[in-house]
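Residues per chain, in single letters:
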Amino acid sequence: MSEIKNLNPECIWRNFDALTQVPRPSGHLEKVQQFLLDFAARVGVEAFKDPANNIVMRKPASPGMEGKKGIILQAHMDMVPQKSPESTHNFETDPIQTYIDEEGWVRAKGTTLGADNGLGVATIMAVMEDKTLKHGPVEGLITADEETGMFGANDLPAGELNGDILLNLDSETWGKFVIGSAGGINVTATLEYKEVETDPNDAAVRVTVKGLRGGHSGLEIHEGRANANKLMVRFVREAIAECEARLATWHGGNMRNAIPFKAEVVLTLPKENVDALKELVDDWKADFIDEYKGIEDGIEFYAEDVDTPKMQVPEEIQDNLVNAIYAVHDGVVRMIPAYPNVVETSSNLAIINIEGGNTLIKLLPRSSREDMKDYVTTMISSCFSMAGMKIETGGSYGGWDPNPDSPMLAKLMKIYKEQNGEDAIVQIDHAGLECSIILGKYPHLDVVSLGPTMRSPHTTSERAQISTVAPFWELLKAVMEEG
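Calculation notes
- Residues numbered from 1 in each chain as written.
- Predicted model: local features only at pLDDT ≥ 70, side-chain atom pairs only at ≥ 80, totals over all residues.
- Heavy atoms only, no water.
- Helix = DSSP H or I, 4+ residues; strand = E, 2+ residues; numbered from the N terminus.
- Rg over C-alpha atoms; globule rule 2.2 N^0.38 Å.
- Buried < 20%, exposed > 50% of the residue type's maximum accessible area, 1.4 Å probe, protein only.
- Contact = heavy atoms within 4.5 Å.
- Areas by Shrake-Rupley, 256 points an atom, 1.4 Å probe, with all protein chains shown as cover.
- Lys, Arg positive; Asp, Glu negative; His and termini not counted.
- Charge placed at Lys NZ, Arg CZ, Asp CG, Glu CD.
- Core = buried A, V, L, I, M, F, W, Y, C linked by side-chain atoms within 4.5 Å.
- Phe/Tyr/Trp six-rings, centres within 6.5 Å; stacked < 30°, edge-to-face > 60°.
- Pairing = 2+ DSSP bridges.

### What to know about the overall build of the chain
So, step 1. A tally of regular secondary structure across the chain gives eleven helices and 23 strands.
So, step 2. Whereas a compact globule of 483 residues would reach a radius of gyration of roughly 23 Å, the chain reaches 24 Å, a difference of no more than 12%.
So, step 3. When the backbone C-alpha atoms are referred to their principal axes, the chain occupies close to 85 × 50 × 40 Å.
So, step 4. Split into buried and exposed, the 483 residues of the chain put 57% on the buried side.
So, step 5. When contacts within the chain are restricted to residue pairs at least 6 apart in sequence, long-range pairs at least 24 apart make up 79% of them.
So, step 6. On the chain, roughly 19300 Å² of surface is accessible, and the fraction owed to carbon and sulfur atoms is 47%.
So, step 7. With 45 positive and 74 negative side-chain charges, the chain shows a spacing of 4 Å between the two charge centroids.

Rendered as structure tokens:
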């Protein structure tokens, strides 16, 4: 039996534990969709899968509360599939293995936990199955593929939802109510090239950077964490200039919305320059450790001899790609002038794959301003266009404009203070939330986002703080009863 099943509140943790047994990486949601439909049938609430692959559940009002405003509880069903280098976990077939650490957090063994947004889904399940709760009409909207492009929210049919209030359960700090968030857009740069033969007398070295913290490219982009692709390009450019190195392959990052924590390249070079290249690796490792002291404690940077590949990137293409990767912006562009502690605009150089005559680079720019989102997207596109690459954009979603006069926000603030003896914090997040997209289809909704505390989503360090789930549940029950 999982040790998290009986944590308080049992209704949420039991359902979250059940959810961890169902594979649900983005893009592979058939099993979790059926799981949710089976759950709804078992507890006796209406449920269906809509044309956007979202699961919608409906529970009628408690007796005497039929006149209350309808509340929509919203979460997303997919999770980011990240795992440690030594893990053999298969996200499409294997359950998540959870445990409780000594500091009171729930974690997963070698993988992301999926509390983002599994705890939100588990909360909706707890509401749907509990026949003792008092509430007006309640809908559960569990969206598909939020992590890869908010596809479920983008394709949500108009006229499907009946409620007046939307409580998004995807925020990650207890005691903070989110009323605004950044928009984002997927930028993809591609290039096909004809490989050239490697000098058969050359040697080859694989250089790897790993052990970085990675992290959520919205919530943690301002912390100055190292981007594996950006560290690697600094070394590669000097290796080309000083050691006559040539690029054969590059693989870095694996999720568009996660800061890349690992990258590796294969370089070819004259055999007599191998020792100099390895000395260069050592020099850069020392520089990186010094630069990121206090931020990154586990940087690994090393070189290994490998078999010389038969083909490599043409020199002109190589130089153009390296220059573009070096030049493209990564990290914070600027903060919100009115809220100087909140990131307004950023970009994440997420994925680089160069091999076999194909280059694929993926980035995720974010901004709470549409004009700044357009600016950073054009800046990125211009950079890679100069390298001769084809640029495609997609999955764009707008920012969520804050409404500080929200009646639901005022109600949550009042109940929170009554229950906890202190004021909650109202904030705007740089992470993307589905609220702005849903508001575009249902502009009458009163929207607030909340949730228990989680840290380091999108990484293998993802964890959920046990002590914050019970007060979150008590607040949610009280606000549903008050309506």
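### Quick word on the environment of Pro 200
So, step 1. Mapped onto the secondary structure, Pro 200 falls in the loop between strand E10 (196–197) and strand E11 (203–210).
So, step 2. Take Pro 200: its relative accessible area is 72%, and that puts it in the exposed class.

### Examining the nonpolar core
So, step 1. Residues Ile 12, Trp 13, Leu 36, Leu 73, Leu 167, Phe 177 and Leu 412 are the most contacted members of the largest nonpolar core, which totals 65 residues.
So, step 2. The element best represented in this core is helix H3 (residues 115–129), accounting for nine residues.
So, step 3. In this view, Leu 167 contacts Ile 71, Ile 72, Leu 73, Gln 74, Met 408, Leu 412, Val 448, Leu 450, Leu 476 and Val 479; residues no more than four positions away in its chain are not counted.
So, step 4. Ranked by size, the runner-up nonpolar core spans 53 residues in total, among them Val 274, Leu 277, Ile 354 and Ile 380.

### Points about the packing of aromatic side chains
So, step 1. Taken as a whole, this structure holds six aromatic pairs when the rule is applied.
So, step 2. Look at Phe 235 and Phe 301: their rings are 5.4 Å apart centre to centre, the planes differ by 85°, and that puts the pair in the edge-to-face class. One end of the pair, Phe 235, is in helix H5 (residues 228–243); the other, Phe 301, is in strand E14 (residues 300–306), and 66 residues separate them in sequence. The pair Phe 235 / Phe 301 is uniform in exposure class, with both members buried.

### A word on the pairing of strand E21 (residues 446–449)
So, step 1. Burial of the side chains of E21 extends over both faces: Asp 446 and Val 448 are buried on one face and Val 447 and Ser 449 on the other.
So, step 2. Sheet topology note: the strand E7 (residues 165–168)/E21 ladder contains four bridges and is parallel. Each bridged residue has a counterpart across the sheet, and for Ile 165 the counterpart in E21 is Asp 446.

### Quick look at the sheet that holds strand E4 (residues 98–100)
So, step 1. A sheet is described by the order of its strands in space; here four strands give the open sequence E4-E5-E23-E22, paired in antiparallel fashion. Each having just a single partner strand, E4 and strand E22 (454–455) make up the two edges of the open sheet.
So, step 2. Pairing of E22 with strand E23 (residues 463–465), which is carried by two bridges, proceeds in the antiparallel orientation. Among the inter-strand pairings, Arg 455 is bridged to a residue of E23, identified as Arg 463.

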